[in-house]
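Single-letter residue listing:
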Amino acid sequence: MLQSQTSGKKTVVSKQWVTVFSVGGRRFAAGMEEVSGIVQWPSVVPVPSQTPFVNAVAWRGKEVLPIFDLARQFHLIIESDPPLCLLAKHEDGIMAVRIDSDMPILQLVDRASIQLSDGADPVVVGKCTIDDQPIDFLCLSKLGKPLA
Amino acid sequence: MSLLIHKSRSAAPKNVNQQLIVECGPMRISIPGKGIRGLLKTIETTFQDTITLLGETYEKSDLANRLDPTKTVAPFSSQGRTILCSNGVWRKAYEVDRIISLVEIDPSDIVPLPPHFRGAEREWFAGLFFFEEALVLIINLDWLVTPTDVVPWRPEVGAGHAPLESEGGLTSVFPV
């Protein structure tokens, strides 16, 4: 919670750090606390799966990371090469998400600028205004959860 | 040169797990060695729907296709092999693209499928292990050989049915 002075009147403005990243050229935002790290895209093996958008695993050292195909969920194609890997703090454990090669940025935004939706979608929880443009605000810990 | 590779931490492993690593489309999958009854060249069984060995009949399937209906193993490949599998109760033969290796792994080297996988794949795979700096999926032998029209026995749906036991570690099944 940060305090700011506006027009001599003391107001309390709640701020939040968000990670802004892009997938297939489309920008998304997520709470910084839900991002464990950004690393180079690791080696991957496909896993036949009936879990939507989870059909491969990657590994870092001896750590096995399931991969969430965010691009496929939003019908996007990642053309930038080499892609980066966003490590998301999913409620079931760390998950790898393939993102564009553009390095994500951290941005401090007013909580008030995050327009939360009705809660039906556990992943796209609202819109966040970045550079005067609304972008989807994601809840990375719920990736893969179906609509309520 | 022997096909068998010891991939264990100690020189004399006490509780090793033998796995036959095969290539199937884009995947490397391992089949528990305890369930393997024979290996044949696929090209010699191409036009057979079933294979009979030592009086036991194995229905033939394509492993890549069983896991992903959009994929099949390469036809007429000289490296293609058909693996005869059984868990002591059920038998099935699977075509694969090629044999990679037979390894002995320490059970402690096997990692479970991450909990993020929530679908039928939890029944298909028993875990993963590292081989040649890549991950290999261990197939669940019981799922592999049980006919698709047999529903796995579960206490809540099969109260009163005694589970069948077998050398292959089959938990239990009953025909429907």
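Just so it is clear, the model here is predicted, and its values are computed rather than measured. (Residues numbered from 1 in each chain as written. Chains lettered and ligands numbered in written order. Predicted model: local features only at pLDDT ≥ 70, side-chain atom pairs only at ≥ 80, totals over all residues.)

> Any details on the environment of A88 of chain A? Residues and values, ideally.
All names here are of chain A. Mapped onto the elements, A88 comes out in strand β9 (residues 84–90). Given 25 C-beta atoms within a 10 Å radius, A88 is considered buried. For the pair formed by A88 and G126, sequence separation is 38 residues and the distance between their alpha carbons is 18 Å. Leave out the neighbours within four places in its chain, and A88 touches E34, V35, S36, M95, V97, L140 and L143. (Helix = DSSP H or I, 4+ residues; strand = E, 2+ residues; numbered from the N terminus. Buried ≥ 20, exposed ≤ 12 C-beta atoms within 10 Å, placed from the backbone. Contact = placed C-beta atoms within 7 Å.)

> Which residues make up the pairing of strand β8 (residues 91–96) of chain B, and what values do they have?
Residue and element names in this part refer to chain B. With six of its six residues buried, β8 lies for the most part within the structure. Every second residue of β8 is oriented toward a common face, with R91, A93 and E95 on one face and K92, Y94 and V96 on the other, all of them buried. As judged from the four bridges shared by strand β6 (residues 56–62) and β8, these two strands associate in the parallel manner. Directly across from D62, in β8, lies its bridge partner E95. By the bridge criterion, six bridges tie strand β7 (residues 81–86) to β8 in an arrangement that is antiparallel. Bridging across to β8, T82 finds its partner in E95. Count of turn residues in the β7/β8 antiparallel hairpin: four residues, of which G88 carries a positive phi of about 95°. (Pairing = 2+ DSSP bridges.)

> Kindly report on the environment of I138 of chain B, identifying the contributing residues and their values.
Relative to the helices and strands, I138 of chain B is located in strand β11 (residues 134–139). Counting along the chain gives 76 residues from I138 of chain B to D62 of chain B, while the straight-line C-alpha distance between them is 17 Å.

> For the sheet that holds strand β12 (residues 114–116) of chain A, give the residues involved together with the corresponding values.
Residues and elements named next belong to chain A. One open sheet holds the six strands; their spatial order is β11-β3-β4-β14-β13-β12, and the pairing between them is mixed. The strands lining the two open edges of the sheet, one partner per strand, are β11 (105–110) and β12. When the angles between neighbouring strand axes are averaged without regard to direction, this sheet yields 35°. (Axes fitted to C-alpha atoms, helices over the stretch in contact; angles between N-to-C directions.)

> Account for the nonpolar core, with residues named and values stated.
Residues L137 and I139 of chain B are the most contacted members of the largest nonpolar core, which totals 66 residues. Setting aside residues no more than four positions away along its own chain, I139 of chain B makes contact with I29, S30, I31, W124, F125, A126 and L144 of chain B. (Core = buried A, V, L, I, M, F, W, Y, C linked by C-beta atoms within 7 Å.)

> With reference to specific residues and values, describe the environment of S49 of chain A.
Mapped onto the fold, S49 of chain A is located in the loop between β6 (44–46) and β7 (54–60). By the C-beta count within 10 Å, which is 24 here, S49 of chain A ends up buried. In this structure, S49 of chain A is in contact with V54 and N55 of chain A together with F117, G119 and E121 of chain B, ignoring residues within four places of it in sequence.

> I'd love a proper account of the interface of chain B and chain A, names of residues and values included.
Listed per partner, the contact involves 18 residues of chain B and 18 residues of chain A. Those elements giving two or more residues to the side of chain B that touches chain A turn out to be α2 (121–124) and β11 of chain B. Among the elements that take part in the side of chain B that touches chain A, β11 of chain B stands out by supplying three residues, more than any other. Within the side of chain B that touches chain A, the residues separate by chemical class into 13 nonpolar, two polar and three charged. (Nonpolar A, V, L, I, M, F, W, Y, C, P; charged D, E, K, R; others polar.)

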